[in-house]
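Results of the structural survey
Each chain, letter by letter, is given below.
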Amino acid sequence: MTEVKNASNRKEATTSRFGAFRDFLRLPAYVQLLLVTQLCFNIGFYMVQPYLATYLREHLGLAGAAVGLVLGLRSFSQQGLFVVGGTLSDRYGPRQIILVGILTRIAGFLTLGFSASLLGVITGVVLIGLAAALFSPAVESSIARAAGEVERDTGLPRTQVFAMGSVSLQLGATLGPLIGSLLLLVNYRCACVVAAGVFACVWLAYLIMFPNIPPLHEDAPVLASWGV
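This structure is a prediction, so every number in the text was calculated from the model and none was measured. Residue positions are given per chain, counted from 1 along the sequence in the order it is written. Where local features are concerned, this predicted model is filtered to residues with pLDDT of at least 70; where side-chain atom pairs are given and counted, the filter is 80 or more; whole-chain, interface and lining totals use all residues. Excluding hydrogens and water, the side-chain values take into account all heavy atoms of the structure.

1. Regarding the layout of surface pockets
Roughly 280 Å³ of volume is contained in the largest pocket. Only protein atoms enter the calculation, which uses a 1 Å grid: trapped sets of points that fit a 1.4 Å probe without letting it out are cavities, open sets showing protein on both sides within 12 Å along at least five of seven lines are pockets, and any residue with an atom within 4 Å of a point is a lining residue. Lining the largest pocket are Ala20, Phe21, Phe24, Leu35, Val36, Leu39, Ala163, Met164, Val167, Ser168 and Leu171. Sorting the residues of the lining of the largest pocket by element identifies helix 1 (2-26), helix 2 (29-46) and helix 8 (158-183) as the ones contributing at least two each. A per-class count over the lining of the largest pocket returns ten nonpolar, one polar and no charged. The calculated volume of the second largest pocket comes to roughly 240 Å³. Taken together, 14 residues make up the lining of the second largest pocket; nearest its centre are Asn42, Gln78, Ala132, Ser136 and Leu169. Counting from the N terminus, the helices are DSSP H or I runs at least four residues long and the strands are E runs at least two residues long. Counting only elements with at least two residues in the lining of the second largest pocket, the list comes to helix 2, helix 4 (64-79) and helix 7 (118-154). Grid points are joined across faces, edges and corners, and a volume is the space filled by probe spheres set on the points. The residue classification treats Ala, Val, Leu, Ile, Met, Phe, Trp, Tyr, Cys and Pro as nonpolar and Asp, Glu, Lys and Arg as charged. All others, Gly included, are polar.

Have a look at this one:
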């Protein structure tokens, strides 16, 4: 009896996994792009970020205080400015802000990889953080809007779309450090250049495939849109 039950559970789990893949294929192309690029965003970022402190200390010879300053500026320029990226996305539309944000991150990775001075490193990490403050709110709000449309048009629960996005993010955060550790066998600059290449591919995909979604609060005052 137990063996039959276990076999049934395994069959249900397999069906569920393939069912999620079938659900993904049912999504509009631009929604698939949003989910896949969540994966690519995290792969590119985590190829570089986990090894930044070691690189600054051991290869550039920066003092502990300088390393802490760089890491703090990176975090503030990203999480601290999300409200700015979200506001810009609401006013000008997500496509434009995503494209600008990805280009900014490419510039940040290249600046970080080819800089040997504290000022150059700070510039690179601030650009990397600012980029995420631009494109992350735009991507996440686009997924939320798309999930509602998918539920209305296909009956697929919006929670399923959110779950796919979460899986993409976590998978990227897992694969990124592994790929980065392999690239570090060459050097840190190589990891930064490859990460920039990943984001360049994502930028091209958005330029070609992502629709010009109307902004949510194009004419509304900033404070009024924040209130909503």
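2. Describing helix 7
Expected helix span is taken as 1.5 Å per residue step, with the number of steps being one fewer than the number of residues. An ideal rise of 1.5 Å per residue puts 54 Å on 37 residues; helix 7 measures up with 52 Å between its terminal C-alpha atoms. Directly after helix 7, the chain includes Gly155, whose backbone phi takes a positive value near 85°.

3. Concerning the side chain of Ser142
With respect to the helices and strands, the residue Ser142 is situated in helix 7. Relative accessibility under 20% of the residue-type maximum defines a buried residue, over 50% an exposed one, and the middle range a partly exposed one, all with a 1.4 Å probe and only protein chains included. Judged by its relative accessible area of 3%, Ser142 is buried. Whether two residues touch is decided by their heavy atoms; if any such pair falls within 4.5 Å, the residues are in contact. Aside from chain neighbours lying at most four places away, what touches Ser142 is Leu34, Pro94, Phe210 and Ile213.

4. Re helix 9 (residues 188-209)
Here helix 9 contains 22 residues, and its C-alpha end-to-end distance of 32 Å stays within 8% of the 32 Å for a straight helix at 1.5 Å per residue. Tucked inside the fold, the buried residues of helix 9 contact helix 2, helix 3 (52-59), helix 6 (94-114), helix 7 and helix 8. If you check the start of helix 9, you find a side-chain oxygen 3.2 Å away from the backbone N of Arg189, and it comes from Asn187. Here a polar contact is taken to be a pair of N or O atoms separated by no more than 3.5 Å, where protein atoms must pair a possible hydrogen donor with a possible acceptor and residues adjacent in sequence count only if both atoms sit in side chains.

5. Some details on the packing of helix 3 against helix 4
Relative to each other, helix 3 and helix 4 sit at 150°, their axes nearing to 10 Å. As judged from the angle between their axes, helix 3 and helix 4 are roughly antiparallel. Both helix 3 and helix 4 take part in a crossing whose hand is right-handed. Between helix 3 and helix 4, the residues in contact are Leu52, Ala53, Leu56 and Arg57 and Gly64, Val67, Val70 and Leu71, respectively. Its residues assigned to classes, the contact of helix 3 with helix 4 shows six nonpolar, one polar and one charged. Each axis is a line fitted through C-alpha atoms, and for a helix only the stretch in contact is used; angles between axes span 0 to 180 degrees, taken between their N-to-C directions. Working rule for angles: under 35 degrees goes down as roughly parallel, over 145 as roughly antiparallel, 65 to 115 as roughly perpendicular, anything else as oblique. Whether a crossing is left-handed or right-handed is set by the direction in which the near helix is turned from the far one by less than a right angle, anticlockwise for left-handed and clockwise for right-handed.

6. As for the confidence of the model for the chain
Looking at the chain, the pLDDT average stands at 86 and 90% of residues meet or exceed 70. Per residue, pLDDT measures the predictor's confidence, with a range of 0 to 100. Predicted confidence for residues 4-9 stays below pLDDT 50, and this span has zero contacts to residues more than four positions away or in other chains.

7. Quick notes on the pattern of salt bridges
One side-chain nitrogen of Lys or Arg within 4 Å of one carboxyl oxygen of Asp or Glu is enough to make a salt bridge. This model, assessed by the stated rule, comprises three salt bridges. The partner of Asp153 in a salt bridge is Arg152, with the nearest N and O atoms 3.3 Å apart. A single burial state applies to Asp153 and to Arg152, both of which are exposed.

8. Focus: the nonpolar core
Residues belong to a common nonpolar core when they are buried Ala, Val, Leu, Ile, Met, Phe, Trp, Tyr or Cys residues joined through side-chain atoms within 4.5 Å. Membership of the largest hydrophobic core comes to 54 residues, with the highest contact counts inside it found for Val48, Ile102, Leu112 and Tyr206. Elements that contribute at least two residues to this core include exactly helix 2, helix 3, helix 4, helix 6, helix 7, helix 8 and helix 9. Non-local contacts of Val48, meaning those with residues more than four positions away in its chain, are made with Phe109, Leu112, Tyr188, Ala191, Cys192 and Ala195.

9. Notes on the environment of Leu175
Note that Leu175 resides in helix 8. Look at Leu175 and you get partly exposed, because its relative accessible area is 32%. Along the primary structure Leu175 and Gly44 are separated by 131 residues, whereas in three dimensions their C-alpha atoms are 9.4 Å apart.

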